[in-house]
Amino acid sequence: MGHVYCAPPPPEAPEPPATPTRTGTMPYDVVNATTDTTEPSRESLDEYFTRMTELVASRSTCTRRKVGAVLVVNKHIISTGYNGAPRGVTHCTPETCIRARLKIPSGTRQELCIGCHAEQNAIAQAASIGTPTEGATLYCTHKPCVYCAKLIINAGIKDVIYHDGYGGEENDLVDKVFSEAGISVRRI
């Protein structure tokens, strides 16, 4: 008779990792988040896409604030955007920024800026490649301004999830406009 090969026994399974916690670059800490998932060791999709907004924001060319946006449909990213000068326009520097030179406070006189907002760029990017935004969710590092809120509504985006907010009267107007349009807005 021939020799019969017997495979060695499989190695013992390693112990599962300790309860995951994340203390990355985001200004919040996530421990066993369960929104949008049934697996307690995974972060929720909302947290996942919100973290991606930080990565997108790292590409920003604005000298005053880094903002990132991610557009998602059916759990898939369809577009991203960050704030900065439009295509083909020279980026600002601390010396050339009109807003810095004129000492314009954040959230005011937005017409005196050559930059496009992250939300605007995410929507424009989707449009430039023919990707519909109807029914999408917009994740953003910051709460959209009133100009972006109007664009978000007209783009058919149904949900806005953001991390950092702004104060002031414009914030109240943004809430009013989103509410009247039936847009779900959440801060995480």
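Located above this text is the structure these notes cover.
These numbers come from a predicted model, not from an experiment.

Undergrad: Can you walk me through the pattern of salt bridges in this structure?
TA: Evaluation of the coordinates by the stated rule reveals 5 salt bridges. For the salt bridge of aspartate 46 with arginine 186, the shortest nitrogen-to-oxygen distance reads 2.9 Å. Linking aspartate 46 in helix 1 (residues 45–57) with arginine 186 in strand 7 (residues 184–187), this pair joins segments that are 140 residues apart in sequence. Looking at aspartate 46, the relative accessible area reads 4%, which means it is buried. With relative accessibility at 36%, the residue arginine 186 sits in the partly exposed group.

Undergrad: Just checking my understanding: could you explain the packing of aromatic side chains for this structure?
TA: The geometry of an aromatic ring pair is captured by the separation of the ring centres together with the interplanar angle, meaning the angle of the planes. Within this structure, the stated rule accounts for 2 aromatic pairs. Look at phenylalanine 49 and tyrosine 139: their rings are 5.2 Å apart centre to centre, the planes differ by 40°, and that puts the pair in the tilted class. Here phenylalanine 49, found in helix 1, pairs with tyrosine 139, found in strand 5 (residues 137–142); they are 90 residues apart in sequence, far enough to count as distant. Classification of phenylalanine 49 as buried rests on a relative accessible area of 3%. By the ring-pair criterion, three or more aromatic residues cluster together here, those being Tyr48, Phe49 and Tyr139.

Undergrad: Would you explain the pairing of strand 6 (residues 159–164) in this entry?
TA: In the case of a regular strand, side chains alternate between the two sheet surfaces. Looking at chain direction, strand 5 and strand 6 are connected through 5 bridges and run parallel. Opposite threonine 137, over in strand 6, you have aspartate 159 as the bridge partner. In this structure, strand 6 lies alongside strand 7, joined through 4 bridges in parallel fashion. Bridge assignment links valine 160 to a residue of strand 7, and that residue is valine 185.

Undergrad: Where do I start with the sheet that holds strand 3 (residues 68–73) in this structure?
TA: Sheet strands pair via backbone hydrogen bonds, and the direction of the pair is either parallel or antiparallel. On the basis of which strands lie adjacent, the open sheet formed by 5 strands has the order 4-3-5-6-7 and mixed pairing. Looking along the sheet, the strands with just one partner apiece sit at the ends: strand 4 (76–82) and strand 7. Averaged over all pairs of adjacent strands, the angle between their axes in this sheet comes to 20°, without regard to strand direction. As paired elements, strand 3 and strand 4 share 6 bridges and run antiparallel to each other. If you follow leucine 71 over to strand 4, its bridge partner there is serine 79. The strands touched by helix 1 are strand 3, strand 4, strand 5, strand 6 and strand 7; relative to strand 3, the strand with the most contacts, the crossing angle is about 140°. Sitting on the sheet, helix 3 (residues 118–128) is in contact with strand 3, strand 4 and strand 5, with an inclination near 130° to strand 4.

Undergrad: Whenever I open this one, the nonpolar core confuses me. Can you help?
TA: Taken as a class, soluble globular proteins show a tendency for nonpolar side chains to be buried jointly. Ranked by size, the top nonpolar core spans 22 residues in total, and within it Ala69, Leu71, Ile123, Leu138, Ile152, Ile157 and Phe178 carry the most contacts. Taken together, the elements giving at least two residues each to this core come down to strand 3, helix 3, strand 5, helix 4 (146–154) and helix 5 (169–181). Discounting residues that sit within four places of it in the chain, alanine 69 has contacts with Thr53, Val56, Ser79, Thr80, Gly81, Ala118, Glu119, Ala122, Leu138, Tyr139 and Cys140. Formed by 6 residues, the second largest nonpolar core is a distinct cluster that contains Phe49, Val70, Val72 and Ile161.

Undergrad: For this particular structure, what's the right way to read helix 3?
TA: An α-helical turn contains 3.6 residues, so any two residues separated by three or four positions project in the same direction. Every buried residue of helix 3 is accounted for by Ala118, Glu119, Ala122, Ile123 and Ala126. The arc that holds every buried residue of helix 3, seen down its axis, measures 135°, which confines them to one face. The secondary structure elements touched by the buried residues of helix 3 are strand 3, strand 4, strand 5 and helix 4. Directly beyond the C-terminal end of helix 3, a positive phi value near 75° is found at glycine 130.

How each quantity is defined
Residues numbered from 1 in each chain as written. Predicted model: local features only at pLDDT ≥ 70, side-chain atom pairs only at ≥ 80, totals over all residues. Heavy atoms only, no water. Salt bridge = Lys/Arg side-chain N within 4 Å of Asp/Glu carboxyl O. Helix = DSSP H or I, 4+ residues; strand = E, 2+ residues; numbered from the N terminus. Buried < 20%, exposed > 50% of the residue type's maximum accessible area, 1.4 Å probe, protein only. Phe/Tyr/Trp six-rings, centres within 6.5 Å; stacked < 30°, edge-to-face > 60°. Pairing = 2+ DSSP bridges. Axes fitted to C-alpha atoms, helices over the stretch in contact; angles between N-to-C directions. Contact = heavy atoms within 4.5 Å. Core = buried A, V, L, I, M, F, W, Y, C linked by side-chain atoms within 4.5 Å. Arc of directions from axis to C-beta.

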